[in-house]
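Each chain, written out:
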Amino acid sequence: MTKTIAILTGGGDCPGLNAVIRGVVRTAIRCYGWRVVGIEDGFDGLVGNPRYRELTLGSVRGILQRGGTILGTSNRGNPFSYAVEKDDGSTELIDVSAQVLDNLRQIGADALIAVGGDGTLKIAQALYERGVPVIGVPKTIDNDLRATDITFGYRTAVSIVTEALDRLHTTAESHQRAIVVEVMGRDAGWIALESGIAGSADVILIPEIPYAMERICDALEARCQAGSRFSIVVVAEGAYPIAGDKVRQKQAAENFGVERLGGIGAAVAAELNECLGMETRVVTLGHLQRGGSPTPYDRILASRFGVRAAELIAASSFGQMVALKGQSVTGVPIASAVAQLNRVDPQGELVRTGESLAINFGR
Ligand code: F6P
């Protein structure tokens, strides 16, 4: 009997999602003769009337190099804690997971592939525990999942930020300015660290190393004295001072359970302006880091993840997530994958390399 497999993308978009979808569809149809349906807008598409469409070889033609996700995504639709509006205009969180199970049955899905970050994978694990044959595919530009050596989208983000730093250097140098560049990275500073090293930053601030402002000012002061009259500071959005806290735009309670960070760049720029007396500007790269075409590395990794996800279904290895381990793409339990974050080691080789290159980490 022909299997029907369903696939959805959840959480923030990320370069390489379409390459995963294409990898799944091509492998499922060409190698196994299965049917594939794409669920629209993440788990949201499985609440209420299901929203889905059949994915054929034709519908994934030409999408390998495209950013975003052809299926749409949502980071609001946790079916175990789903926001519904009440008559008085207030919202209430309710468990609608039974609707998800019914809809999967109605679609005739023999397996579900959930492509997403921490939040999506936790939902996938909870559905697996309720009997849904689930396969997870990890996605985050932050590269903060321990269970895989690297996530697709991360290298694309690093290359976008590095190009931005190269461009900002010319303005900083021409105008003798300090430019503070705020980049993504909630809990892990990988994007700031690697793009900062590649883009020759003078200061890198990451969540793993709470910073002391006076150390940064001393380092940049010394740089000025030595004749460099401009500076580039890269700040991860989750960075914070030793005696302070992360800067938030919205608390979790007002943002569907996830706090929205942002603003640390402006805070650092204001303090630098004071202590250096140098014109200081701030650039927040924001979603530029997530958009557009994936690099060749990310296209290949995402394609491998898609192919492997289909193979795990063929082997009935449910409850597993695809992961890169060394040279191989393999399966690991989703439960172990969501348990541990991959954070920068403050004493590790990359940070020490940066320090040897005269980059200051605010310590
Ligand atoms: O998890 C990836 C990420 O890019 C984070 O670094 C960032 O905080 C978040 O997404 C932003 O998400 P949103 O677009 O929902 O505000």
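Residues numbered from 1 in each chain as written. Predicted model: local features only at pLDDT ≥ 70, side-chain atom pairs only at ≥ 80, totals over all residues. Heavy atoms only, no water.

Turning our eyes to something else, we now look at the site of the ligand. Within the structure, the ligand sits among Asn75, Ile141, Asp142, Met184, Gly185, Arg186, Glu237, His287 and Arg290. For the ligand, an oxygen atom lies 2.9 Å from a polar atom in the side chain of Asp142. Note that an oxygen atom of the ligand is positioned 2.6 Å from one of the side-chain N or O atoms of Glu237. Computed on the free molecule, the ligand has an accessible area of 400 Å², of which 77% lies beneath the protein chains in the complex. When grouped by side-chain class, the residues that make up the shell around the ligand number two nonpolar, three polar and four charged. The residues that make up the shell around the ligand include at least three from each of domain 1 (4-152 + 294-337) and domain 2 (156-290). (Near = heavy atom within 4 Å. Polar contact = N/O pair within 3.5 Å; in protein donor to acceptor, adjacent residues only side chain to side chain. Areas by Shrake-Rupley, 256 points an atom, 1.4 Å probe, with all protein chains shown as cover. Nonpolar A, V, L, I, M, F, W, Y, C, P; charged D, E, K, R; others polar. Domains from an automatic or database assignment.)

A few words on the domain arrangement of the chain. Parsing the chain into structural domains produces domain 1 (4-152 + 294-337) and domain 2 (156-290). The straight-line distance from the C-alpha centre of domain 1 to that of domain 2 is 33 Å. Listed as interface residues are 13 residues of domain 1 and, on the opposing side, 13 residues of domain 2. Interface area for domain 1 against domain 2, summed over the two sides, is near 1100 Å², with a carbon-plus-sulfur share of 57%. Of all residues in domain 1, Arg76, Ile141 and Asp142 give up the largest surface area on contact with domain 2, accounting jointly for 45% of the area buried on that side. If you look at where domain 1 meets domain 2, you find one salt bridge. (Contact = heavy atoms within 4.5 Å. Buried area = accessible area lost by both parts, 1.4 Å probe. Salt bridge = Lys/Arg side-chain N within 4 Å of Asp/Glu carboxyl O.)

Take the nonpolar core next. Core analysis: the largest hydrophobic core is formed by 65 residues, its most contacted members being Ile5, Ile7, Ile113, Val137 and Phe152. Ranked by residues supplied to this core, first place goes to helix H4 (residues 154-175) with eight residues. Here this core spans two domains, and each of domain 1 (4-152 + 294-337) and domain 2 (156-290) adds at least three residues to it. Dropping the residues within four chain positions of it, Ile5 is found in contact with Val24, Ala28, Trp34, Arg35, Val36, Val37, Ala111, Ile113 and Ile313. Within the second largest apolar cluster, 29 residues are counted, among which are Leu46, Val100, Leu101 and Leu112. (Core = buried A, V, L, I, M, F, W, Y, C linked by side-chain atoms within 4.5 Å. Buried < 20%, exposed > 50% of the residue type's maximum accessible area, 1.4 Å probe, protein only. Helix = DSSP H or I, 4+ residues; strand = E, 2+ residues; numbered from the N terminus.)

Once that is clear, we can look at the sheet that holds strand E7 (residues 134-138). Here we have seven strands laid out as an open sheet, ordered E3-E2-E1-E6-E7-E14-E15, and mixed in their pairing. Unpaired on one side and paired on the other, strand E3 (52-54) and strand E15 (328-333) mark the two borders of the sheet. Within the sheet, the average angular offset between the axes of one strand and its neighbour, ignoring direction, is 25°. Of the pairings in the sheet, the one linking strand E1 (residues 4-9) to strand E6 (residues 111-116) comprises five bridges and is parallel in character. (Pairing = 2+ DSSP bridges. Axes fitted to C-alpha atoms, helices over the stretch in contact; angles between N-to-C directions.)

Another point: the layout of surface pockets. By volume, the second largest pocket is sized at about 160 Å³. What lines the second largest pocket is Asn143, Asp149, Ile150, Tyr154, Arg155, Trp190, Glu194, Tyr297, Leu324 and Asn342. If you list the elements that add at least two residues to the lining of the second largest pocket, you get H4 and helix H5 (190-198). Looking at the lining of the second largest pocket, its residues break down into five nonpolar, two polar and three charged. (1 Å grid on protein atoms, 1.4 Å probe; cavity = no way out; pocket = protein on both sides within 12 Å on 5 of 7 lines; lining within 4 Å. Points joined across faces, edges and corners; volume = space filled by probe spheres on them.)

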